[in-house]
Amino acid sequence: MTTPTRKPSLHSAEHDRYFSTVPVGALLAELATLLPAGNLLTGKEDLKPYECDGLSAYQRLPRAVALAETEAQVIAVLKACHQAGVPVVARGAGTGLSGGALPHEDGIVLSLAKMKQIVRIDPLARLAVVQPGVRNLAISEAVASFGLYYAPDPSSQIACSIGGNVAENSGGVHCLKYGLTVHNVLRVRVVLIDGEVVEFGSHAPDAPGLDLLALFIGSEGLLGVVTEVSVKLTPKPQSAQCLLASFDDVLKAGEAVAAVIAAGIIPAGLEMMDQAATAAVEPFVKAGYNLDAAAILLCESDGTPEEVAEDVARMQAVLAHSGAIEVRVSTSEAERLKFWAGRKAAFPAAGRISPDYYCMDGTIPRKALGTMLSAIATMEKKYGLRCINVFHAGDGNLHPLILYDANIPGQLQTTEEFGAEILRLSVQLGGTITGEHGVGFEKINSMCEQFASDELRAFHGVKSAFDPHGLLNPGKAVPTLHRCAEMGRMHVHAGQLRFPELERL
Amino acid sequence: MSEATIQGFRERILARQPLRIRGGGSKDFYGNTMSGDVLDTRAHTGIVNYEPSELVITAKAGTLLLDLKSALAERRQWLPFEPPEFAAGSTVGGMVAAGLSGPGRLAHGALRDYILGVTLMDGEGRVLKFGGEVMKNVAGFDVSRLMAGSLGSLGLLLEVSIKVLPVPVAEATVRIPMNERDALTAINRWAGQPLPITATAWLSDTLFVRLAGADAAVKAALPQVGAGGTAISAENAPWIALRDHAHAFFKGDAPLWRLALPTTSPALTLGTPLIEWGGGQRWLRGEHDANHLRALARSHGGHATRFRGGDPAIAAFAPLDPVTLRLHQELKRRFDPQGLFNPGRLF
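Throughout, residues of each chain are indexed from 1 in the direction in which the sequence is written. To read the labels, note that chains go from A and ligands from 1, taken in the order they are written. With pLDDT at 70 or above as the cut-off, local features in this predicted model cover only qualifying residues; side-chain atom pairs require 80 or more to be listed or tallied, and sums for whole chains, interfaces and linings still use all residues.

Asker: Whenever I open this one, helix α9 (residues 290–299) of chain B confuses me. Can you help?
Answerer: Residue pairs spaced three or four apart in an α-helix point in one direction, given the helix's 3.6 residues per turn. Residue and element names in this part refer to chain B. L293, R294 and A297 are the residues of α9 that are buried. End-on view of α9: buried residues confined to an arc of 95°, all on one side of the axis. Exposed residues pointing more than 90 degrees away from the buried face of α9 are listed as N291, H292, A295 and S299. Working definition of a contact: two residues with C-beta atoms, positioned from the backbone, lying within 7 Å. Under the DSSP-based scheme used, a helix requires at least four consecutive residues in state H or I and a strand at least two consecutive residues in state E, with every element numbered from the N terminus. Among the structural elements, β14 (256–260) and β17 (303–308) are those in contact with the buried residues of α9. Any residue surrounded by 20 or more other C-beta atoms within 10 Å of its C-beta is treated as buried, while 12 or fewer makes it exposed and the intermediate range makes it partly exposed; C-beta atoms here are placed from the backbone. Working definition: the arc comes from the directions between the helix axis and the C-beta atoms, pointing outward to the latter.

Asker: How should unusual backbone geometry be read in this particular structure?
Answerer: Phi is mostly negative for residues that are not glycine, and the peptide bonds are mostly trans. Residues and elements named next belong to chain B. One non-glycine residue with positive phi stands out, namely L55, at about 55°. Within the element layout of this structure, L55 appears in the loop between β3 (47–51) and β4 (56–60). The backbone of H245 shows a phi angle near 55°, a positive value even though the residue is not glycine. Its place among the elements puts H245 in the loop between α8 (239–243) and β14.

Asker: Is there a simple way to think about the domain arrangement of chain B in this case?
Answerer: One frequent convention defines the size of an interface as the accessible area lost when the parts assemble. All names here are of chain B. Split into domains, chain B comes out as domain 1 (2–167 + 331–335) and domain 2 (170–308). Domain limits in this description derive from either an automatic procedure or a database domain assignment. One C-alpha centre belongs to domain 1, the other to domain 2; they are set 27 Å apart. The classification used treats Ala, Val, Leu, Ile, Met, Phe, Trp, Tyr, Cys and Pro as nonpolar, Asp, Glu, Lys and Arg as charged, and all other residues, Gly among them, as polar. Split by residue class, the side of domain 1 that touches domain 2 holds seven nonpolar, three polar and three charged.

Asker: Quick question: what am I supposed to make of the domain arrangement of chain A here?
Answerer: Residues and elements named next belong to chain A. The domain architecture assigned to chain A consists of domain 1 (1–15 + 440–505), domain 2 (25–111), domain 3 (127–235), domain 4 (239–347) and domain 5 (353–428). Centre-to-centre separation of domain 4 and domain 5, based on C-alpha positions: 22 Å. Tallying the contact residues gives 19 residues for domain 4 and 16 residues for domain 5. Listing elements by their share of the side of domain 4 that touches domain 5, those giving two or more residues are α9 (250–262), β13 (269–274), α10 (275–285) and α13 (346–353). Broken down by element, the residue count for the side of domain 4 that touches domain 5 peaks at six residues, all from β13. Partitioning the side of domain 4 that touches domain 5 into residue classes produces 14 nonpolar, two polar and three charged.

Asker: Which parts of the structure should I look at to understand the sheet that holds strand β6 (residues 115–121) of chain B?
Answerer: To summarise the sheet geometry, strands pair through backbone hydrogen bonds and adopt either a parallel or an antiparallel arrangement. Residues and elements named next belong to chain B. A pair of strands is treated as paired once DSSP finds two or more bridges between them. Overall, antiparallel pairing links the five strands, which are arranged β3-β4-β8-β6-β7 in an open sheet. Looking at the sheet topology across the chains shown, the edges are occupied by β3 and β7 (127–131). Across this sheet, the average inter-strand angle for adjacent strands is 10°, counted without regard to direction. For β6 and strand β8 (residues 156–163), the ladder comprises six bridges, and the chain directions are antiparallel. Counted as the bridge partner of L120 is L157 from β8. In this analysis, axes come from line fits to C-alpha atoms, helices being fitted only over the stretch in contact, and the angle between any two N-to-C directions falls in the range 0 to 180 degrees. Seen against the sheet, helix α1 (residues 2–14) touches β6, β7 and β8 and runs at an angle of roughly 60° to β6.

Asker: What am I meant to see in the interface of chain B and chain A here?
Answerer: Residue-level contacts link 68 residues of chain B with 78 residues of chain A. Among the elements of the structure, β7, α5 (143–147), β9 (165–166), α6 (180–191), α7 (215–225) and α10 (322–335) of chain B are those that each provide at least two residues to the side of chain B that touches chain A. Top element by residues in the side of chain B that touches chain A is α10(B). It accounts for seven residues.

Asker: Any chance you could explain the nonpolar core here in plain terms?
Answerer: Soluble globular proteins: nonpolar side chains tend toward being buried together. Of all hydrophobic cores here, the largest spans 262 residues; its most connected members are V231(A) and L297(A). Sort the elements by how many residues they give to this core and helix α3 (residues 71–84) of chain A lands first, with eight residues. Each nonpolar core comprises buried Ala, Val, Leu, Ile, Met, Phe, Trp, Tyr and Cys residues, the members being joined through C-beta atoms within 7 Å.

Asker: It is not clear to me how the sheet that holds strand β1 (residues 40–41) of chain A should be interpreted in this structure. Could you clarify?
Answerer: All names here are of chain A. If you trace the four strands from one edge of the open sheet to the other, you get β1-β2-β4-β3, paired in mixed fashion. Across the chains shown, the open sheet's two edge strands, defined by having one partner strand only, are β1 and β3 (88–91). In this fold α3 packs onto β2 (64–67), β3 and β4 (108–111), with an angle of close to 165° to the strand it touches most, β4.

So this is what it looks like as structure tokens:
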């Protein structure tokens, strides 16, 4: 008996594709022959660990998980899925916070976690070539003896993989000075959905043609699967010092951030925590934060000892002038790390004081920090939920942590509404719904507020240029126009209705 | 008025004839031979938003680069990638479309690293806005950065938002006598250390090094880097002349080739190069066999561009592999389905 040939439908900007009628039985049998024994998981118990990523609020079981160990296996798996018309969700360490690696219920998860070789380190050229499953921090550890490190440091850096960092364009606490993933990756090797292998970027300063490397970084697994990453290594600063400034008013703290930048200083890190956040971390970490302060700022300078001394003196003056009630300067490496320990413990602390928390990731212009903080305070009353605020203040990236209890019926939904309102305000203030965590599954509806239908169409155009049938991570990152219309979330710049061409239910 | 200008652009596009997008024309020589009628962007001018404490400036594409830079200089800020101004009249849109960076590329990154957002008109006359004015933004594909160096092949830039930085407090340049091989070794070694080196240039057995940053940092690094060298004054430093190709090396009509190579690539035995970006950008003058040059660059992991002059029949840019070319064509088809914008100039 011959299987009737199906003409696979093409990816479209208008409607989500559904894959529930695509048979996977033959594909699973084929995948089993393409992978080493034990590397195709299909049993429910084996699939369970893959049902979500770092955002556990959303869970789905895939049809199978394929664990690739080599690029050849990645090619084979993608070709087979392409042939069968079955969706593929690539996954690294699964630490993402936006549900980007949430499985597709009719698809395959392609895990790159076993591809964790450091292929080559070239200290003279200041670069390392690594496989996608290598952990972010493992790169810095491997090159430490050369006085080098990999600069982007997302808070999950102990666990997150470089492949995932590329997919999300991850940031961290030092990106104001050292940049995001896009500024620190030189080249990626990518397998496209049809199994073709291509390289974007170069070990040279640039590559001919369009900058497909920039387009690919942050594409959330929608354009291709990374099998090798060349990262730029940065000389380790000789020294670093941190200032801990306390303010009796969050607005003053926000203004101090602008004042530091306006003074011509680019701190290595510039973080803000509000009183609720310091109160949450201090009992656990004993970082020495002033609990009476309405907000604290952490300002770090790094570089040569001379440079740091000069910067610290200037920052101290600016912070004092901006109305800080107390400014402390770390006098030792141990004290510097103690100052940071509180900030780094903010997420775990939220987990200790509340059964669940929901982390937002909007970015706003720095000058709007005060407006945003007052608005969040109002929303806390409106939704009856507490929110603790930690900000990458230097680049305007906010991580409000909304505290809730998933066991109380309806509270997750209220939390999502709270979060969506923060994101809506971020867009209204001239910012974005996501600074570094990605859109993934979580914020796909908020995309309808940030972008008009023409821009969404352009994104779908980019997607279809790489993946015409829409098999890579479908339903993530870029909403279809139908979804936006259905959700009733409309891009409302200038008060115009943006989807007049679509019928409404 | 802006709205009328934009409508004018749209009408030109909807006329469905090939268009050659042009700002000040200072880089007319760059890329493959152009066809189509000129679409002049210079009526679309003005700084839309500049807030120094936000480290971002937004300007319309026809704004003079000179005007943008003076606005920044007033607030002691700058474009750290130091874009070239090959002739008076360079525009912001042309700067982004060409994607070229100057001496500061070594330490501060390339133009594309500073692009935060763009507004463009696509090949159907639609105005599309990507990115924004904030430092961190991962919503949607990074179409803004894709425009950097796209040579107008995907759309007509209307506005761009660019990250800016404070001008370094202190700066010093030293001149050190050194042969090519030793210079390449030295600059690669220095680059692996936390030194405030922001530009290098080597030619005629002389290495120029620029240090910039905090006053104390520059003073501390000078003895280490400048040993055996001579300090030269800011006015005599070669950086602006190198940036704008006003330096003697660039004079005359001989073809100019640009090689982008990994910095650790060895000295090439090909004429007398000018080497910038710590070894990453190497310029050659004169007639060179394009195939040979491209094969050589490729063997080191780089590529060669016929930057200015030479035989127009020779492709300006190194050929793309078939898969990359297919992706280029597919993207072009999405943004510019009729193939109106700068046909053939980039690929």
